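# Observations on the three-dimensional arrangement
Single-letter residue listing:
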Amino acid sequence: MNNTEICDCEIIHEDIVKKVKSVFPKDEKLFDLADFYKIFGDTTRVKILYALDKSELCVCDISALLGMSVSAVSHQLRALRDSNLVRTKRDGKIVYYSLADEHVKSILECGLEHIEEKEKDHE
């Protein structure tokens, strides 16, 4: 038996469709949104973001924390910077990284909270 849900009615709720369509973002914005969330699809980048949620860190600190090469961490930080998820602050020769803003912090923390709640539901 096929459990695929199929809408077999011929009624279209035109008023609802019009309402949603009136506030639907343009495709370009939705592509940008999808790209934004893709950056969270890499465990190393998520680890870096989590670390930066807890403290401002330099690349050497992140490298030591994650047990990765400075080069590998720098590569991931570049991707996070290009996506406007982290910002930098220079202090002499040292560059410190932090989350770009409270939105990034909220996204990260809400995602983690969601995962933890789902884990509790399955206990």
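Residues numbered from 1 in each chain as written. Predicted model: local features only at pLDDT ≥ 70, side-chain atom pairs only at ≥ 80, totals over all residues. Heavy atoms only, no water.

## Focus on the overall build of the chain
Operational definition: Helix numbering and strand numbering both begin at the N terminus, where a helix is a DSSP run of H or I of at least 4 residues and a strand a DSSP run of E of at least 2. Just to be clear, the radius of gyration here is over C-alpha atoms, and the globule rule we use is 2.2 Å times residues to the power 0.38. Per-residue accessibility, obtained with a 1.4 Å probe over protein chains only, is compared with the maximum for each type, and a residue is labelled buried under 20%, exposed over 50%, and partly exposed between these values. The contact definition used throughout considers only heavy atoms, calling two residues in contact when any of these lie within 4.5 Å. Only the protein chains shown count as cover for residues, and the accessible areas themselves come from Shrake-Rupley with a 1.4 Å probe. In this tally Asp and Glu are treated as negative and Lys and Arg as positive; neither His nor the chain ends contributes. All charge positions are set by atom: Lys at NZ, Arg at CZ, Asp at CG, Glu at CD.
In terms of helices and strands, the chain carries six helices and three strands. In sequence order, the chain lays out its α and β elements as α-α-α-β-α-α-β-β-α. In terms of C-alpha radius of gyration, the chain reaches 20 Å, well past the compact-globule figure of 14 Å for 123 residues. In terms of overall dimensions, the chain has a C-alpha envelope of 65 × 40 × 25 Å along the principal axes. The buried share among the 123 residues of the chain stands at 20%. Pairs at least 24 apart in sequence give 51% of the contacts found in the chain among residues at least 6 apart. Surface exposure of the chain reaches about 9,900 Å², of which carbon and sulfur atoms provide 54%. With 18 positive and 24 negative side-chain charges, the chain shows a spacing of 8 Å between the two charge centroids.

## So, the pairing of strand S2 (residues 86–91)
What counts is decided by this rule: Whether two strands pair depends on DSSP finding at least two bridges between them.
Across six bridges, the pairing between S2 and strand S3 (residues 94–99) is antiparallel. Paired with Lys89 across the bridge in S3 is Tyr96. The antiparallel pairing of S2 with S3 creates a hairpin that spans two residues between the two strands, and Gly92 there sits at a positive phi of about 70°.

## Some remarks on the pattern of salt bridges
Stated formally: The working definition used for a salt bridge is a side-chain nitrogen of Lys or Arg within 4 Å of a carboxyl oxygen of Asp or Glu.
What the rule picks out here adds up to seven salt bridges. Of the charged contacts in the structure, one is a salt bridge between Glu14 and Lys18, with a shortest N-O distance of 3.4 Å. With Glu14 and Lys18 both in helix H1 (residues 14–23), this residue pair falls four residues apart, about one helical turn. We note a salt bridge from Lys38 to Asp35, for which the minimum N-O separation is 3.4 Å. Separated by three residues within a single helix, Lys38 and Asp35 lie in helix H2 (residues 27–38), roughly one turn from each other. With relative accessibility at 42%, the residue Asp35 sits in the partly exposed group. Each of Asp53, Lys54, Lys105 and Glu109 takes part in a single network of salt bridges with overlapping partners.

## Examining the pairing of S3
Relative to S3, strand S1 (residues 57–58) runs antiparallel, the two being bridged by two bridges. Counted as the bridge partner of Cys58 is Tyr96 from S3.

## Brief notes about the side chain of Ser98
Note on placement: Ser98 falls in strand S3. A residue is classified by how much of its surface remains accessible, and Ser98, at 12% relative accessible area, is buried. Discounting chain neighbours no more than four positions away, the residues touching Ser98 are Leu52, Glu56, Leu85, Val86 and Arg87.

## A word on the environment of Val70
As for its position among the elements, Val70 is in helix H5 (residues 70–82). In this structure Val70 comes out as partly exposed when scored by relative accessible area, which is 36%. When the C-alpha atoms of Val70 and Thr88 are compared, they prove to be 16 Å apart, with 18 residues separating the residues in sequence. Residues within four places of Val70 in sequence aside, it is in contact with Val59, Cys60 and Ser63.

The quantities given are spatial measurements derived from coordinates; they are silent on function.
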